[in-house]
Amino acid sequence: MNLASPFSLALVAITALAFLGLPIGHSMIAGSILYLLLAGQDMGTAAEQLLNGMYSNYVILSVPLFILAAEFMNIGSMTDRLMAFCNALVGRFRGGLAHVNILQSIIFAGMSGSAIADAAGTGRMMQAMMTRDGRYTPSYAAAVTAVSSVIGPIIPPSIPMVLYALVSDASIGFLFLGGVVPGLLMALSQMIIVAMTARRRNFPVEKPVPLRKLPRITWDAFPSLMMPVVLLGGIYSGVMTPTEAAAVAAAYALVISAGLYRSVSWGDFYRSLAISARTTASIGMLIAGALVFNYVVTVENIPESVKALLAGWDLSPVGFLILVNVLLLLLGCVLEGTAILLIVVPVFIPTAQALGIDLVHFGVVVVINIMVGLITPPYGLLLFIMANISGEPLRDIIRDTLPFLFAMLVALAILTFVPETVLWLPRLFGYQG
Amino acid sequence: MTASLRATGAWLARRAENVASAMLAAMFLAFLLQIAFRYVLGLPIGWTHEVSVILWIWLVLWGASFVVSEREEIRFDIIYGSVGSGTRRIMAIVTAVALIALYAISFPAVLDYITFMKVEKTGYLKIRFDWLFSIYIVFIIATIIRYIWLAWQAMRGVAPDDFDPTKASSGV
Amino acid sequence: QAPGNLRFSAVFSEQDIRAEMMRQFSESVKAQGFTLQPYYGGTLFKQGTELVAMQRGNLEMGNIAPQDISNQIPEWSIVTSAYLFRDADHLKKVFASDVGQQLKKMASDKLGIHILGPTYFGARHVGLKPKKKINTPEDLAGIKLRMPGGDAWQFLGQSLGANPTPMAYAEVYTGLQTGAIDGQDNPLPNVQNMKFYEVMSQVALTSHLVGFDLLAVSNKVWNAMTPEKQAAFQAAADKAIEWSTQEHLKKEAELASFFKEKGLDVYTPDLKAFREFAQKKYLASDLAKSWQQGMLEKINAM
Ligand code: NA
Ligand code: NA
């Protein structure tokens, strides 16, 4: 690549501006404008891509609504009661709340198809729970939420899997089933890390709750515990789409908090709206910047260059899968997941097919890679979101995610090399692959 | 800055936050209406979809222009967070100048694009796209002014992190 | 932008028949000194924004939806109405006729694009989850049929007698699976690509809208060519479009039997009843007011 090309210079500018402390959204927009300027293209394209990208990306609207839902849960005593319940179950183990965070992500994964929505939705609540009375450091709490949110789109429903099916012709139904075991395996790998770290870092043990108190605690938390049931039931009975479920989550939380627990004042209500609006704007700027920069990446045919580079290498199926894993993990460090899925992944599908790799297996592996990309710096959306929610420096959060990242890569290796882990459940339901 | 000017600024900031909150509330309501109309009344409506998307764009760009504070913005702070205030001031000036220059250079082309969009209207509410997208013009101008202010503050010797509204009002 | 370089953006994927059509076209126009620079999957410009990109000189070629053109030229809305074109052949004939010339001239004058021809991608049919047999528009009463967003599309749903429901394309699969919607209306290749057939029980071959886009090149490029070059360029487009149309017809026939194999009920309803119902609705609507006098009759007569 020519180091003085508009693309290289834009990439340097974006990296430099971001490292010098300019907000990342602004860095990407400014760098992309620099590209358009140097390439002699219409600089109005920056506005065009940002505005049309936001206008046509309907599913992303679930983000502000899940943020709002979490705020509504926080102002009521929903969070407290849910915490009391989880505490009663697993709090007695060392690092109990970290386990709760992961367990809760499994529940949320069944409600949402987006990791970003999971982090935005549960992140604030979990952050408050875990850091109360200094139980865990804020950066560790943020790291656990970031890594556990990765499970969201691996367990169905899953927006990335729908996108993969679109570019690969693989069955959405079987892809969804294929994600169940890997999602649980990811969660297990994270829990192992929590358990291993818990002793060394002397994580708090919550006071054991007597068994006779359990029915009462469960009853108190019951409306909150019903939330996933209401949402999943609502989605799977056709009352609402997965995007709309975000609004229902917010409404449900508001009704429970204000109506049932009677713990919401008008002031609380406004503050929830205001905080959510602020968070929405700062996360939205990041999405906006990615949309503009994606144009530059696309117009420069970066994915095509990568493809040309790979052509001619004589690879075995295992070698190819390793290569794809490494490449997607590297790309995940610098690019937005949807762009990778829609631009880079199609390049590999013909090769995967030719090598006899099952496309459902390949799809699940690809989606996991892209999800891991959400927590790998420098460009890791989940890290940014948790930095925003927790107010902690990015580097502290990254440091605390590293052991989890390692465990998840081990899990990914198992899922990559033992296709049965992915394909067992779909085959149980009649998948022929 | 005089006390009355500062009070006016704080008042305006609160009103800007009111507007952003109202936009989010409206988006929330539009979604609920959409579900209620389709499922409860069996009358699918589409304009709610359009309203939510428009509100989303306006909420993000309005919020980024007038509501989100420096502290709330998502940044990559590995270097930024570990240097002294003098270095951070220089970094703030450099990035501000680059941002102001690039946003200003793109401004005529951006204006041209957005005014061009008068040729299209939205599917339901028939809102002209130049009006819908005009918030981007507001965003660019507000951002340029904000960064001129930030650069000016940095030059005057106020390191970015010290620029904190809670501290600014603590003298009262 | 290097001279002879034709940036082309389209919503269809690189695996689509139309991507192969563009490869063939690109091979043919190499002789005229053109290099096609294609971007598929809506990655460069989002669906529906390609026309403005062409108008503003950010794109030399596009595969433009007629709905996008009618957004700026209301007279064009006639070609987006239900039961106007009978099939791919009728579509081709109309665009080759003086009606087609009139439409192309409007696009050239008002939008600055030269239309090379209509690219057929399959007739839209109603696909449903419920087993209820559909014979006439009355049978669709109360059926929640997903249609793309916007008044024009929703009206198309009404003109079938259904209860049109807007929903994002990406949500249609889950919508069908869960029953949030009862059906969708897409050409058969889309039904296959998006796996909608997995969650449908039947396809009523309503053929209510002949699906096509318009392969177009900006006037800036077109007008810079000599008449000989223009003729060769047009011939290359005609040839590629014709190949793609035939491929789509073949694929549609294959898919009809494929869906039957998958256990779906695939049948043709009373098309006459649907056609009369729809054209009556359109003529009574505001949309028809913008249509050119006599154009509907001319098209019907062809
Ligand atoms: Na979590
Ligand atoms: Na999920």
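The name an unreviewed UniProt entry gives chain B is TRAP transporter small permease protein, with Microvirga aerilata as the organism. Its UniProt record gives chain B a comment under Function (unreviewed entry), which states: "Part of the tripartite ATP-independent periplasmic (TRAP) transport system." What UniProt records for chain B under Subcellular location (unreviewed entry) is the sentence "Cell inner membrane".

Caption draft 1: Inspection of the packing of helix H18 (residues 381–390) of chain A against helix H19 (residues 394–417) of chain A at higher detail. Residue and element names in this part refer to chain A. Two elements in contact, H18 and H19, have axes separated by 9 Å at closest approach and are oriented at 120 degrees. Classified by the angle their axes make, H18 and H19 are oblique. Between H18 and H19 lies a crossing of right-handed hand. Taken together, the residues of H19 that come into contact with H18 (itself represented by Leu-383, Phe-384, Met-386, Ala-387 and Ser-390) are Leu-394, Ile-397, Ile-398 and Thr-401. Across the contact of H18 with H19, the residue classes tally to seven nonpolar, two polar and no charged.

Caption draft 2: Quick peek at the domain arrangement of chain B. Residue and element names in this part refer to chain B. In terms of domains, chain B is made up of domain 1 (1–68) and domain 2 (74–165). The gap between the C-alpha centroids of domain 1 and domain 2 is 21 Å. With 14 residues of domain 1 in contact, the opposing surface of domain 2 contributes 17 residues. Summed over both sides, the interface between domain 1 and domain 2 buries roughly 1,300 Å², with carbon and sulfur atoms accounting for 73% of that surface. Considering only the surface of domain 1 that becomes buried against domain 2, Glu-50, Trp-58 and Leu-61 emerge as the three largest contributors, covering 41% of it. Across the contact surface, domain 1 and domain 2 share zero salt bridges. Viewed at the interface, domain 2 and domain 1 are joined by six residue pairs in polar contact (both at pLDDT 80 or more). Residue composition of the side of domain 1 that touches domain 2, by class: eleven nonpolar, two polar and one charged.

Caption draft 3: How the structure looks around the packing of aromatic side chains. As enumerated under the stated definition, the model contains 32 aromatic pairs over all chains in all. Arranged with centres 6.0 Å apart and planes meeting at 20 degrees, the rings of Phe-320 of chain A and Phe-362 of chain A form a pair that is stacked. You can see Phe-320 of chain A sitting in helix H15 (residues 317–334) and its partner Phe-362 of chain A sitting in helix H17 (residues 359–372), a full 42 residues away along the chain. The pair formed by Phe-320 of chain A and Phe-362 of chain A is uniform in burial state, with each residue classed as buried. A ring pair is formed by Phe-85 of chain C and Phe-212 of chain C, whose centres lie 5.7 Å apart and whose planes are at 80 degrees; its orientation type is edge-to-face. Of this pair, Phe-85 of chain C sits in the loop between helix H3 (66–72) and helix H4 (88–96) while Phe-212 of chain C is found in strand E8 (residues 202–218), placing the two residues 127 residues apart along the sequence. Residues Phe-85 of chain C and Phe-212 of chain C agree in their burial class; the two are buried. Taken together through their ring pairs, the aromatic side chains of Tyr-55 of chain A together with Tyr-113, Phe-129 and Phe-133 of chain B make up a single cluster. Sitting over the ring of Phe-116 of chain B, Arg-56 of chain C keeps its end group 5.4 Å from the ring centre. Lying across the ring of Tyr-267 of chain C, Lys-133 of chain C places its NZ or CZ 4.1 Å from the centre.

Caption draft 4: Structural detail: the interface of chain B and chain C. In this assembly, 17 residues from chain B lie in contact with 18 residues from chain C. Roughly 1,400 Å² of surface becomes buried between chain B and chain C when both sides are summed, with 51% attributable to carbon and sulfur atoms. The tally of links between chain B and chain C comes to one salt bridge. Counting residues per element, the side of chain B that touches chain C draws most heavily on helix H3 (residues 85–116) of chain B, which supplies four residues.

Caption draft 5: Highlighting the packing of helix H1 (residues 3–40) of chain B against helix H2 (residues 47–67) of chain B. All names here are of chain B. Two numbers describe how H1 lies on H2: the axes approach to 9 Å, and their chain directions differ by 160 degrees. Overall, the two elements H1 and H2 adopt an arrangement that is roughly antiparallel. Where H1 crosses over H2, the two elements pack in a sense that is left-handed. Residues Ala-16, Glu-17, Val-19, Ala-20, Met-23, Leu-24, Ala-26, Met-27, Ala-30, Phe-31, Leu-33 and Gln-34 of H1 touch H2, and the partners they reach there are Trp-47, Thr-48, His-49, Val-51, Ser-52, Leu-55, Trp-56, Trp-58, Leu-59, Trp-62, Phe-66 and Val-67. Of the residues belonging to the contact of H1 with H2, the class tally is 19 nonpolar, four polar and one charged.

Caption draft 6: Representation of a nonpolar patch on the surface. All names here are of chain A. Together, Val-318, Ile-322, Val-326, Leu-330, Phe-406, Val-410, Ile-414, Phe-417 and Val-418 make up an exposed nonpolar region whose accessible area comes to about 790 Å². Elements supplying a minimum of two residues to the nonpolar patch: H15 and H19. With respect to the element layout, Val-410 can be found in helix H19. The class of Val-410 is partly exposed, set by a relative accessible area of 42%.

Caption draft 7: Looking closely at helix H13 (residues 266–299) of chain A. Residues and elements named next belong to chain A. With 34 residues, H13 extends 49 Å between its outermost C-alpha atoms, agreeing within 8% with the 50 Å of an ideal straight helix rising 1.5 Å per residue. Of all the 34 residues making up H13, 27 are buried; the element is thus mostly covered by neighbouring parts of the structure. Phi for Asn-301, located one or two positions after H13, is positive at around 55 degrees.

Criteria and thresholds
- Residues numbered from 1 in each chain as written.
- Chains lettered and ligands numbered in written order.
- Predicted model: local features only at pLDDT ≥ 70, side-chain atom pairs only at ≥ 80, totals over all residues.
- Heavy atoms only, no water.
- UniProt positions renumbered as here; feature names shortened; annotations may be inferred.
- Axes fitted to C-alpha atoms, helices over the stretch in contact; angles between N-to-C directions.
- Helix = DSSP H or I, 4+ residues; strand = E, 2+ residues; numbered from the N terminus.
- Parallel < 35°, antiparallel > 145°, perpendicular 65-115°, else oblique.
- Left-handed = near helix turned anticlockwise from the far one by under 90°.
- Contact = heavy atoms within 4.5 Å.
- Nonpolar A, V, L, I, M, F, W, Y, C, P; charged D, E, K, R; others polar.
- Domains from an automatic or database assignment.
- Buried area = accessible area lost by both parts, 1.4 Å probe.
- Salt bridge = Lys/Arg side-chain N within 4 Å of Asp/Glu carboxyl O.
- Polar contact = N/O pair within 3.5 Å; in protein donor to acceptor, adjacent residues only side chain to side chain.
- Phe/Tyr/Trp six-rings, centres within 6.5 Å; stacked < 30°, edge-to-face > 60°.
- Buried < 20%, exposed > 50% of the residue type's maximum accessible area, 1.4 Å probe, protein only.
- Lys NZ or Arg CZ within 6 Å of the ring centre and 35° of its normal.
- Patch = residues over 30% accessible without salt bridge, like charges linked within 9 Å, V, L, I, M, F, W, Y side chains within 5 Å.
- Areas by Shrake-Rupley, 256 points an atom, 1.4 Å probe, with all protein chains shown as cover.
- Expected span 1.5 Å × (residues − 1).

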